[in-house]
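# Results of the structural survey
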Amino acid sequence: MFFSDWEYLIIHGIVDANGNRPLFEHVPLADGKVSNTWINWGPTNGNLWIQDIRFKGAGSNVLAAGSGSKSEKSQKVVLDNVEMSYGGHHIIMFAYEWAARLTGDARMNPVNDQLWIRDSSFHHSGSTHVLYADRIAKLVIVNSKFFSPASTAGHALKAIARQIVVESSEISN
């Protein structure tokens, strides 16, 4: 799903009587390929809130977001009781780098984006990082789990932010 010029988006699942969240799963095509990114929340968008849902499978990122250095907007992304798994590259790419790949001194100026994660789980990225938050203002993680990627060159969590808060969480590499 690609989004452009949205002020905000709320994706809210309905939890059943047994506590199960809805599952959005990419089913491979006949040639074995899946869509590249589940949620492509580009730099022209505002805030995103995802709650009570599971996402499974993507060719690259399950969620790609971030306003980037060239955007006049900033984003606040909230993930609450979310499970994301089986991304071909990252599970979450919330980044400056994703929105506008920069070099040199330009990379020293973080954007005002924020990523808030609570009661969530992220696992089985194919390569590099499960969560990559690059040069943002704030990252808050509470009661959540990040499990190592398939690649030995990656990280369960890689974050560059002005403020990082991690409480009651498990990060396993």
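Residues numbered from 1 in each chain as written. Predicted model: local features only at pLDDT ≥ 70, side-chain atom pairs only at ≥ 80, totals over all residues. Heavy atoms only, no water.

### Details of the overall build of the protein chain
Check the secondary structure of the protein chain and you find one helix and 14 strands. In the protein chain, which comprises 173 residues, the share counted as buried stands at 44%. A separation of at least 24 residues holds for 77% of the contacts in the protein chain among residues at least 6 apart in sequence. Carbon and sulfur atoms form 50% of the exposed surface of the protein chain, whose accessible area is close to 8600 Å². (Helix = DSSP H or I, 4+ residues; strand = E, 2+ residues; numbered from the N terminus. Buried < 20%, exposed > 50% of the residue type's maximum accessible area, 1.4 Å probe, protein only. Contact = heavy atoms within 4.5 Å. Areas by Shrake-Rupley, 256 points an atom, 1.4 Å probe, with all protein chains shown as cover.)

### Topic: the environment of S125
Following the sequence through the fold, S125 ends up in strand β10 (residues 121-125). We classify S125 as buried; its relative accessible area is 2%. Spatially, the C-alpha atoms of S125 and G88 are 5.8 Å apart, while their sequence positions differ by 37 residues. Filtering out sequence-adjacent residues up to four positions away, S125 remains in contact with G87, H89, H90, I91, V130, P149 and A150.

### A few points about the pattern of salt bridges
Oppositely charged side chains can form a pair if their charged atoms are brought close together. A full pass over the atoms with the stated rule returns five salt bridges. Across the salt bridge formed by D119 and R118, the nearest N and O atoms sit 3.9 Å from each other. Residue D119 is classed as partly exposed on the basis of its relative accessible area of 33%. The structure contains a network of salt bridges with shared partners spanning D80, R118 and D119. (Salt bridge = Lys/Arg side-chain N within 4 Å of Asp/Glu carboxyl O.)

### With respect to the nonpolar core
Side chains that are nonpolar tend, in soluble globular proteins, to be buried together. One finds I39, L79, M84 and I92 to be the most contacted residues of the largest nonpolar core, which totals 32 residues. Those elements giving two or more residues to this core turn out to be β2 (8-12), β4 (39-41), β5 (47-58), β6 (63-65), β7 (76-87), β8 (92-95), β9 (114-118) and β11 (131-142). Discounting residues that sit within four places of it in the chain, I39 has contacts with M1, F3, I11, L48, I50, F55, V62, L63 and A64. (Core = buried A, V, L, I, M, F, W, Y, C linked by side-chain atoms within 4.5 Å.)

### Section: the side chain of H90
Residue position: H90 is located in the loop between β7 and β8. In this structure the side chain of H90 is engaged in a polar contact, spanning 3.1 Å, whose partner is the side chain of N61. One polar contact links H90 to H89, side chain to side chain, over a distance of 3.4 Å. Not counting residues within four places of it along the chain, the set of residues in contact with H90 comprises S60, N61, V62, S125, S127, T128, H129, V130 and Y132. (Polar contact = N/O pair within 3.5 Å; in protein donor to acceptor, adjacent residues only side chain to side chain.)

### Considerations on a nonpolar patch on the surface
Taken together, the side chains of Y8, I10 and W49 define a hydrophobic patch exposed on the protein surface, amounting to about 320 Å² of accessible area. The residue I10 is located in strand β2 in this model. (Patch = residues over 30% accessible without salt bridge, like charges linked within 9 Å, V, L, I, M, F, W, Y side chains within 5 Å.)

### A short note on the packing of aromatic side chains
Each aromatic ring pair is summarised here by two numbers: the centre-to-centre distance and the angle between the ring planes. Enumeration according to the criterion identifies six aromatic pairs in this entry. Both rings, one in F24 and one in W38, keep their centres 5.7 Å apart while their planes meet at 75°; by these two values the pair is edge-to-face. With F24 in strand β3 (residues 23-25) and W38 in the loop between β3 and β4, the pair connects residues that are 14 residues apart, well separated along the chain. Overall, the relative accessible area of 35% leaves F24 in the partly exposed class. Members of the aromatic cluster, each reached through a chain of ring pairs, are F3, W6 and W41. (Phe/Tyr/Trp six-rings, centres within 6.5 Å; stacked < 30°, edge-to-face > 60°.)

### Comments concerning the confidence of the model for the protein chain
With 90% of its residues at a pLDDT of at least 70, the protein chain reaches an overall mean of 87. No element of the protein chain has a lower mean pLDDT than helix α1 (residues 96-99), at 56, and none a higher one than β9, at 97. (pLDDT = per-residue confidence, 0-100.)

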